[in-house]
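Okay, here's what each chain looks like letter by letter:
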Amino acid sequence: MMLCWILISLFVGFLKAQENPEVIYAQVGGNVILPRENIKGDVYVNWYRGKDINITISRNPQSGIQRGEMHVFKFMHFHSTVIIHVIMFNITAHVCWSFVAKEMKTHADLLPDFSLKISPVQESDFEIWRCEQHVLSSTYKKTYKLYHVTIPKVPAVIAGDPLSLECKMDSSPVKPKVTWIPPENSDCHQRNHYSEKIEVKDVSRCHSGVWTCMLEYGLKKKYYTEATTTVSVIDLSASPDTIYTSSSKVNIPCSLSSDIPWSILNETGLSGGSWSFTPLSDPKSTHSLLSLSVGSVVRWNKTQGKDSPVKAEGRELKDHVLSINLPVSEKIRGVYTCSLTFSTKTLSRKVQVEVLNVSSSGGSRVYEGQSVNLTCSLGHQLTSDLEVKWNCSSCSIFFGLNLHQSTLSIPEVKVEHSGKLTCELWKKGEKLTSAVLSLKIEKAPVDIWLCVAISSGVVVFILLVVVTIICIRRHRQMMMYRRRKIKYCCCKNPQQNQKGFYKT
């Protein structure tokens, strides 16, 4: 008889407590806090769910936080005259609770102020929750009722497409005030929206992330509930307009703005993609480098021909990074285009690659006394916002020269000018890249052929002198030989009045 009276008392108390339950909104999968009214004193706190007479979780000043059947001892504390009947009821409650625990798997816990936190919220939690507090012989009761707030899930959206979000709420005695809070993304400044449904006509990466629908409601006391949904915007990340490099390899960036699985992209209508190259020296000529094959395996495949100045390697894609790596040379100067093709549109990003090159008119090895021109260039005239700075920490070659010119003319180099020359490219106080030239200046070597020529000339000169002398001497000898002797004779018929010998 006493047991029936106890059950009837509990049931009547339960009905009274449900007269005006506080409205609390919650989202399935989220968490919700049911606040405990602040009652001073050595308080016993019991939390119940629905019509269950078993305690879900409780707080006992002596034994701390307890779950399940421990409510029996609290009841005994206030009704010591019916100990025997309570013990009998405890056995039944214990059996009942064991069965319920197996079915529901309690996911409620107490906060430091003994408010009830439910996380994660499940469908079975949308019912009445009761809080009973006992201080000595006084009992304080408070009831709450959970109502749904839901946000229909939206599929992945391609950048430029429209986006629609709606915050749906179960009908209740209160009318919540709705505030939509957009995701926080870098370099994005978005305002809150104050309606249950919002429309975005042209989505961008700024709209990608977690959107929060915040509800403000309550008559006597204000309550706040947050429901969230994740919006995935398919777009390519912003990339620098120009990359300046001089290293051995350069990474040309291209990636999805969010880490979206390739399966989702395929469902959205992805049909392919490509990398192409347009040389700065020939803007009308475009070369295909790679093509994207989609399916169970996503990869870049080579498409460049033999005459293509740029050679890119194909690879399998396992994440959202679509970048390519290229060896650096003057041939890779140009504009690179990364594209993803969908059934409704194409997303693309362009990056211009500039290669800084430093060179010497005499090569890396120069002989002392020569004139040298040092050139630091991108292959074309620098724009007004770009500045060149020369640097050489271990040599004196730059003494007296203007170090902000692209070309330096050195009339006569010396051995002590040898060292590493650095050309830095600056833009608005920021160093973009630098190139290094190792210049080695040597003493001019003696040319062996010059020695041979000089020696040969001396020998020839000596031979000519000898031959000349010999010729002169022989000429003299010949002249002596050819000279005739004077002959005298006696005429048989001497002329008149002439006597002696006559020249014949």
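Procedures and definitions
Residues numbered from 1 in each chain as written. Predicted model: local features only at pLDDT ≥ 70, side-chain atom pairs only at ≥ 80, totals over all residues. Heavy atoms only, no water. Helix = DSSP H or I, 4+ residues; strand = E, 2+ residues; numbered from the N terminus. Contact = heavy atoms within 4.5 Å. Buried < 20%, exposed > 50% of the residue type's maximum accessible area, 1.4 Å probe, protein only. Polar contact = N/O pair within 3.5 Å; in protein donor to acceptor, adjacent residues only side chain to side chain. Salt bridge = Lys/Arg side-chain N within 4 Å of Asp/Glu carboxyl O. Pairing = 2+ DSSP bridges. Axes fitted to C-alpha atoms, helices over the stretch in contact; angles between N-to-C directions. Disulfide = S-S within 2.5 Å.

In the nomenclature of an unreviewed UniProt entry, the chain is known as CD4-1 molecule of Cyprinus carpio.

Asks: Honestly, the overall build of the chain in this entry has me stumped. Any pointers?
Replies: Counting secondary structure elements, the chain contains five helices and 35 strands. Pairs at least 24 residues apart make up 58% of the contacts formed inside the chain by residues separated by at least 6 positions.

Asks: Explain the environment of Thr-433 here, please?
Replies: Turning to its location among the elements, Thr-433 is positioned in strand S33 (residues 430-442). Exposure remark for Thr-433: the relative accessible area of 11% places this residue in the buried category. Spatially, the C-alpha atoms of Thr-433 and Thr-245 are 5.8 Å apart, while their sequence positions differ by 188 residues. Engagement of the side chain of Thr-433 in a polar contact is seen with the side chain of Ser-246, the distance being 3.3 Å.

Asks: Would you explain the pattern of salt bridges in this entry?
Replies: Between side chains of opposite charge, pairing is possible as soon as their charged atoms come close. Here the structure, examined in full by the defined rule, presents eleven salt bridges. With a shortest N-O distance of 3.0 Å, Lys-142 and Glu-22 are connected by a salt bridge. With Lys-142 in strand S9 (residues 138-150) and Glu-22 in strand S1 (residues 22-26), this pair connects stretches of sequence that are 120 residues apart. With respect to class, Lys-142 is no different from Glu-22; both count as buried. One salt bridge in this structure joins Glu-132 and Arg-130, with 3.9 Å as the shortest N-O distance. Comparing Glu-132 with Arg-130 shows no difference in burial state: the two are buried.

Asks: Help me out: how do you make sense of the sheet that holds strand S18 (residues 242-245) in this one?
Replies: The strands that make up a sheet pair up through hydrogen bonds in the backbone, lying either parallel or antiparallel. Taken together, seven strands build an open sheet; the order of strands is S18-S26-S25-S20-S21-S22-S23 and the sheet is mixed. A strand with exactly one partner marks an edge of an open sheet, and here the two such strands are S18 and strand S23 (315-317). Taken pair by pair, the neighbouring strands of this sheet meet at an average axis angle of 20°, ignoring direction. Examined bridge by bridge, strand S25 (residues 334-342) and strand S26 (residues 346-355) share eight bridges and lie antiparallel to one another. Note on S26: the bridge partner recorded for Val-335 is Gln-352.

Asks: Whenever I open this one, the environment of Lys-153 confuses me. Can you help?
Replies: Inspection of the secondary structure puts Lys-153 in the loop between S9 and strand S10 (157-158). For the pair Lys-153 and Val-231, spaced 78 residues apart in the sequence, the C-alpha separation amounts to 8.4 Å.

Asks: Can you help me understand the state of the cysteines in this one?
Replies: Covalently bonding the sulfur atom of one cysteine to the sulfur atom of another cysteine gives a disulfide. Counted by the stated rule, this structure contains four disulfides. Bridging Cys-188 to Cys-206, the disulfide has an S-S length of 2.0 Å. The S-S bond linking Cys-188 to Cys-206 shows a torsion near -70°; that makes this disulfide left-handed. Highlighted residues: Cys-188 in the loop between strand S13 (177-181) and strand S14 (197-200) and Cys-206 in the loop between S14 and strand S15 (209-217), separated in sequence by 18 residues.

Asks: What am I meant to see in the sheet that holds strand S32 (residues 419-427) here?
Replies: Strand order in the open sheet made by the four strands is S28-S33-S32-S30, with mixed pairing throughout. Looking along the sheet, the strands with just one partner apiece sit at the ends: strand S28 (365-367) and strand S30 (386-391). Taking each pair of neighbouring strands and ignoring which way they run, the sheet shows an average axis angle of 30°. Inspection of the sheet shows S30 paired to S32 by six bridges, in the antiparallel sense. Directly across from Trp-390, in S32, lies its bridge partner Cys-423.

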